[in-house]
Amino acid sequence: MQQAIVHLQNVTKQFSAHASPAVDNVSFTLQQGDVLGLLGPSGCGKTTLLRLIAGFERLQAGKIAIGEQIVGDISTYIPAEQRDIGIVFQDYALFPHLTVAENVAFGLKHFSKQQIQKRTAEVIDLVRLAGLEKRYPYELSGGQQQRVALARALAPQPQLMLLDEPLSNLDIQVRLRLREEVRDILKAAGTSAIFVTHDQEEALAISDIVGVMRQGHLEQIGTPEEIYTHPVSRFVAEFVTQANFLPARRQGNLWETEVGCFEVPANHSHDTGEIMIRQEGLIIQPASDSPVVIRSRRFLGREYLYCLKTPSGKELHARTMTDMALPIGARVQVSITGDAVKVFPQ
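Residues numbered from 1 in each chain as written. Predicted model: local features only at pLDDT ≥ 70, side-chain atom pairs only at ≥ 80, totals over all residues. Heavy atoms only, no water.

Some thoughts on the layout of surface pockets
So, step 1. Estimates place the volume of the largest pocket at around 600 Å³.
So, step 2. In terms of lining residues, the largest pocket is bounded by 19 residues, among which Arg179, Glu201, Gln242, Glu303 and Arg319 are the most central.
So, step 3. Where the lining of the largest pocket is concerned, the elements lending two or more residues are α5 (172-189), α6 (200-206) and α8 (234-241).
So, step 4. For the lining of the largest pocket, a count of residues per class yields six nonpolar, four polar and nine charged.
So, step 5. The calculated volume of the second largest pocket comes to roughly 500 Å³.
So, step 6. Considering the residues around the second largest pocket, the lining is formed by 14 residues, among which Glu81, Ile85, Gly86, Ile87 and Pro156 are closest to the centre.
So, step 7. Counting only elements with at least two residues in the lining of the second largest pocket, the list comes to β6 (85-88) and α4 (142-154).
So, step 8. It is β6 that contributes the most residues to the lining of the second largest pocket, three residues altogether.
So, step 9. Grouping the amino acids of the lining of the second largest pocket by side-chain chemistry returns nine nonpolar, two polar and three charged. (1 Å grid on protein atoms, 1.4 Å probe; cavity = no way out; pocket = protein on both sides within 12 Å on 5 of 7 lines; lining within 4 Å. Points joined across faces, edges and corners; volume = space filled by probe spheres on them. Helix = DSSP H or I, 4+ residues; strand = E, 2+ residues; numbered from the N terminus. Nonpolar A, V, L, I, M, F, W, Y, C, P; charged D, E, K, R; others polar.)

As structure tokens, then:
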């Protein structure tokens, strides 16, 4: 049975009596070895929540436990340096006058000289920087600097790693490669981690568990598959899947929209709502008598992204394979794959 490494219960943080809580009644448990991605738009409270767990902010209500120790509640505050955590920031925060090895060894002052050398070599090898031990930060690429920061945080073998948008300062190609490496490194080290991101694809790719935040609330928490296929609210569906939404009215077993009638497998107590259709679940075929028109088409390598215009002027987006390119201005019939829809009450 996995051990709970982090437990939050009804955690709340409000910076001003006149402002809404930055973190509002958040509860979750993270198991040993799991990676949690906190996902949400700017200002949703995800970084504040990370800072509360780190000990950089004090909570006003609730409880935070790391391992078996309560590190924060109404009467308890354990400072950050005593919480057995490693922290990686988006700006690397490396010491420019220290080499790679010296940066990594910085947090190992309580170790013997032999232990420091051994552990430094281990984590430098883990982050795939062997051979660069004597280089200074300015001699490294952005991706290499971020791996040094990760190695330095991992060196003391903390119970928990906290990463605040660790890849946001890197260009897209480096980010794509490094996000796979970060997950591999954390898994190889056996370290539990919580990282903050506003990038949906990044959260789904790195995380075992994803928590979606909105206005201080934890809107939904679950596996990447659960979050993507079974969003609990329109906000989660829109933010994570970038789905299409159409006003719909129930007619028997079907939901009627301006582009056609669709069957939705789940039972619903309401008769009107918005039907969610994921972009990859929208099927388009040429139909000269259809009121739906292709407004634009973008080539994305493996697929086309079409923007469709409905009779009411609403825009829908469809992703299709590149085996058939339909021209801009063409009229198309819209259909859907069976598992690509969900209805939310208005």
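Focus on the pattern of salt bridges
So, step 1. Taken as a whole and judged by the stated rule, the model has 18 salt bridges.
So, step 2. Ionic pairing is found between Arg51 and Glu57, a salt bridge with its closest N-O pair at 3.3 Å.
So, step 3. Since its relative accessible area comes to 33%, Arg51 is described here as partly exposed.
So, step 4. Each of Lys13, Arg51 and Glu57 takes part in a single network of salt bridges with overlapping partners. (Salt bridge = Lys/Arg side-chain N within 4 Å of Asp/Glu carboxyl O. Buried < 20%, exposed > 50% of the residue type's maximum accessible area, 1.4 Å probe, protein only.)

Digging into the packing of α4 against α5
So, step 1. Where α4 meets α5, the closest approach of the two axes is 11 Å, and the angle between their N-to-C directions is 15°. The angle between α4 and α5 falls in the class roughly parallel. The handedness of the crossing between α4 and α5 comes out as right-handed. The residues of α5 that touch α4, namely those facing Gly143, Gln146, Arg147, Leu150 and Leu154, are Val174, Leu178, Glu181, Val182, Ile185 and Ala189.
So, step 2. Tallied by class, the residues present in the contact of α4 with α5 amount to seven nonpolar, two polar and two charged. (Axes fitted to C-alpha atoms, helices over the stretch in contact; angles between N-to-C directions. Parallel < 35°, antiparallel > 145°, perpendicular 65-115°, else oblique. Left-handed = near helix turned anticlockwise from the far one by under 90°. Contact = heavy atoms within 4.5 Å.)

Structural notes on the sheet that holds strand β4 (residues 61-66)
So, step 1. Taking strand neighbours across the sheet as the criterion, the four strands line up as β2-β1-β4-β5 in an open arrangement whose pairing is antiparallel. Whereas interior strands pair on both sides, the edge strands pair on one side only; in this sheet they are β2 (23-31) and β5 (69-72). With direction set aside, neighbouring strand axes in the sheet form an average angle of 25°.
So, step 2. As paired elements, β4 and β5 share three bridges and run antiparallel to each other. Its bridge partner being in β5, Ile66 is matched across the sheet by Gln69. (Pairing = 2+ DSSP bridges.)

Concerning the sheet that holds strand β20 (residues 341-344)
Whenever strands of a sheet pair, they do so through backbone hydrogen bonds, lying parallel or antiparallel.
So, step 1. The strand order across the open sheet formed by five strands is β13-β12-β11-β14-β20, and the pairing between neighbours is antiparallel. The open sheet terminates on both sides in strands that have one partner only, identified here as β13 (260-263) and β20. This sheet shows a mean twist of 40° between the axes of neighbouring strands, independent of strand direction.
So, step 2. Strands in contact with α8 are β11 (244-251), β14 (272-277) and β20; relative to β11, the strand with the most contacts, it is inclined by about 140°.

Overview of unusual backbone geometry
So, step 1. Look at Gln157: it is not a glycine, yet its phi comes out positive at around 55°.
So, step 2. Along the chain, the position of Gln157 falls in the loop between α4 and β7 (160-164).
So, step 3. In this structure Gln157 comes out as exposed when scored by relative accessible area, which is 54%.
So, step 4. A positive phi angle, close to 50°, is found at Gln242, a residue other than glycine.
So, step 5. Take Gln242: it is sitting in the loop between α8 and β11.

With respect to the nonpolar core
So, step 1. The biggest cluster of nonpolar side chains holds 32 residues, and the ones touching the most others in it are Val88, Val104, Val148, Leu150, Met161, Leu163 and Val182.
So, step 2. Counting only elements with at least two residues in this core, the list comes to α2 (100-105), α3 (113-126), α4, β7, α5 and β8 (192-197).
So, step 3. Sorting elements by how many residues they give to this core places α4 first, with six residues.
So, step 4. For Val148, the contacting residues outside a window of four places in its chain are Leu94, Val100, Asn103, Val104, Leu129 and Leu140.
So, step 5. Within the second largest apolar cluster, 27 residues are counted, among which are Cys44, Leu50, Ile194 and Val196. (Core = buried A, V, L, I, M, F, W, Y, C linked by side-chain atoms within 4.5 Å.)

Considerations on α8
Helical geometry: 3.6 residues make up each α-helical turn, so side chains three or four residues apart lie on a common side.
So, step 1. Counted residue by residue, α8 has six buried out of eight residues, so it is predominantly covered.
So, step 2. The complete set of buried residues in α8 reads Phe235, Val236, Ala237, Phe239, Val240 and Thr241.

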